[in-house]
Amino acid sequence: MSAIIIDGKRVSQKIKDELKEKISKIDDKRPPCLAVILVGEDPASKVYVKNKKLGCEYCGITSLHYYLDENTSMEELLQLIDKLNNDDSVDGILVQSPLPKHLDEKYVINNISPRKDVDAFHPINVGKLMIGEPIFMPCTPQGVIRLLEEYNISIEGKNCVVIGRSNIVGKPMSILLLSKNGTVTICHSRTKDLKSVTKQADILVAAIGKPNFVTADMVKPDTVVIDVGISRTENGLKGDVDFENVKEVASYITPVPGGVGPMTIAMLLENTYKGYLEFYNQQV
Ligand code: NAP
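Quick caveat: nothing in here was measured; it's all calculated off a predicted structure.

Asker: In this structure, what is going on with the packing of helix α2 (residues 43-59) against helix α10 (residues 260-283)? I would like to understand it.
Answerer: Packed helix pairs are characterised by how far apart their axes lie and by the angle those axes make with each other. At their nearest, the axes of α2 and α10 sit 10 Å apart, and the two run at 55° to each other. By the criterion of interaxial angle, the relationship of α2 to α10 is oblique. Once α2 is placed against α10, the crossing between them reads as right-handed. Residues N51, K52, G55, C56 and C59 of α2 touch α10, and the partners they reach there are I265, L268 and L269. Looking at the contact of α2 with α10 residue by residue, the class counts come to five nonpolar, two polar and one charged.

Below, the structure is given as structure tokens:
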């Protein structure tokens, strides 16, 4: 039997509707506010930023957008971040990656206030996640967890295999699965006999960036397969999983597009709302 398709578009819409409802009830304060900074002209980044803006507008979150010239200096960018860090009407700050080569991305992230770091990339937020005291949840991995929850897929005691160990997806994904009591294995480009590891998975998360990398022979029957990968190919957006064949083996599977992608934005909006609530709690 073919796998159940996990509908990230539907779940993200539900989350946005819930947020919209909560935000519409705010009558005595300003609405939440997200500041997004885009440096340069990267076409994919422009699409991501536009979608974030649309998400904010839908939910009633104020969105401030800063489109900076490709040649913006580090000093100018840090000045803007500093201004936003100190602006009490801003709850979240996001700097769209990748930045132009002359700008040091790590240094830029380190300068965002951890309390406004809605991407959860700041080392303080990464550390807090490690010790189980997160301020913000990392958007894409948390989006995966929410999808599993929405489909009543239990993580506890399951063999969870994550392919990819990046700081933005693979590593935080593994920590979140561990925090839900999964037994987690992280694979990467040096993993020996990858197939023998992925075959052990009850839940398999692919975050590699190589289209159709995960084939049906790498998946045991009834595995839950989550595809984080997004690659732009001449045939459109493709995930890391050979969807057509793997869906015949898996129990659940996420499509690309329409799986994890929409959840990332929904989690970003949730983080902005969370930052907003925490700001007002601190004022009391
Ligand atoms: P990344 O930084 O390039 O990391 C890719 C990971 O895959 C690395 O850890 C790498 O291992 C591993 N890898 C590469 N080739 C491999 C192989 N042959 N066997 C096993 N592991 C291999 O990418 P990323 O930022 O994590 O993103 C991964 C994918 O997710 C991309 O397609 C990206 O576009 C997508 N993404 C989607 C969302 C979303 O919202 N859906 C959000 C973020 C990213 P090494 O560490 O050994 O090099």
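Next, the rest of the story.
Asker: Whenever I open this one, a negative patch on the surface confuses me. Can you help?
Answerer: On the surface, a cluster of negative charge is contributed by D42, D69, E70, E75 and E76. Checked against the element boundaries, E76 lands in helix α3 (residues 74-85).

Asker: Please clarify how the nonpolar core should be interpreted in this entry.
Answerer: Generally speaking, nonpolar side chains in soluble globular proteins are found buried as a group. In this structure, L148, L177, I203, V205, I226 and V228 are the most contacted members of the largest nonpolar core, which totals 48 residues. It is α10 that contributes the most residues to this core, nine residues altogether. Beyond its immediate chain neighbours, meaning those up to four positions away, L148 contacts I153, I155, L177, I203, V224 and I226. Residues L204, V214, V225 and V246 belong to the second largest nonpolar core, which totals 17 residues.

Asker: It is not clear to me how the packing of helix α6 (residues 139-150) against α10 should be interpreted in this structure. Could you clarify?
Answerer: Look at α6 against α10: their axes get within 8 Å of each other, and the N-to-C directions meet at 110°. Judged by the inter-axis angle, α6 sits roughly perpendicular to α10. Counting all contacts with α6, which are made through C139, T140, Q142, G143, V144, R146 and L147, the residues of α10 involved are V260, M263, T264, M267, L268, E270 and N271. Taken together, the residues that form the contact of α6 with α10 break down as seven nonpolar, five polar and two charged.

Asker: Looking at this structure, I do not really get the pairing of strand β3 (residues 62-68). What am I missing?
Answerer: For a regular strand, side-chain orientation follows a simple rule: the groups alternate between the two sheet faces. Bridge count for strand β2 (residues 33-39) against β3 is seven bridges, and the pairing is parallel. Looking at β3, one finds that I37 is bridged to Y66. Handedness of the crossover joining β2 and β3 through α2 is recorded here as right-handed.

Asker: Would you take a moment to explain the site of the ligand for this structure?
Answerer: If you check the shell around the ligand, you find 20 residues, and the closest are R165, S166, S189, I230 and T264. In the model, a nitrogen atom of the ligand is placed 3.5 Å from a nitrogen or oxygen of the H188 main chain. Contacts to the ligand include K210, whose side-chain N or O atom sits 3.1 Å from a nitrogen atom. Calculation on the ligand without its partners gives an accessible area of 930 Å², and the protein chains cover 72% of this total.

Quick notes on the rules
- Residues numbered from 1 in each chain as written.
- Predicted model: local features only at pLDDT ≥ 70, side-chain atom pairs only at ≥ 80, totals over all residues.
- Heavy atoms only, no water.
- Axes fitted to C-alpha atoms, helices over the stretch in contact; angles between N-to-C directions.
- Helix = DSSP H or I, 4+ residues; strand = E, 2+ residues; numbered from the N terminus.
- Parallel < 35°, antiparallel > 145°, perpendicular 65-115°, else oblique.
- Left-handed = near helix turned anticlockwise from the far one by under 90°.
- Contact = heavy atoms within 4.5 Å.
- Nonpolar A, V, L, I, M, F, W, Y, C, P; charged D, E, K, R; others polar.
- Patch = residues over 30% accessible without salt bridge, like charges linked within 9 Å, V, L, I, M, F, W, Y side chains within 5 Å.
- Areas by Shrake-Rupley, 256 points an atom, 1.4 Å probe, with all protein chains shown as cover.
- Salt bridge = Lys/Arg side-chain N within 4 Å of Asp/Glu carboxyl O.
- Lys, Arg positive; Asp, Glu negative; His and termini not counted.
- Charge placed at Lys NZ, Arg CZ, Asp CG, Glu CD.
- Core = buried A, V, L, I, M, F, W, Y, C linked by side-chain atoms within 4.5 Å.
- Buried < 20%, exposed > 50% of the residue type's maximum accessible area, 1.4 Å probe, protein only.
- Pairing = 2+ DSSP bridges.
- Right-handed = clockwise from strand over helix to strand, strands pointing away.
- Near = heavy atom within 4 Å.
- Polar contact = N/O pair within 3.5 Å; in protein donor to acceptor, adjacent residues only side chain to side chain.

Interpretation note: all reported values are geometric properties and have no functional meaning in isolation.
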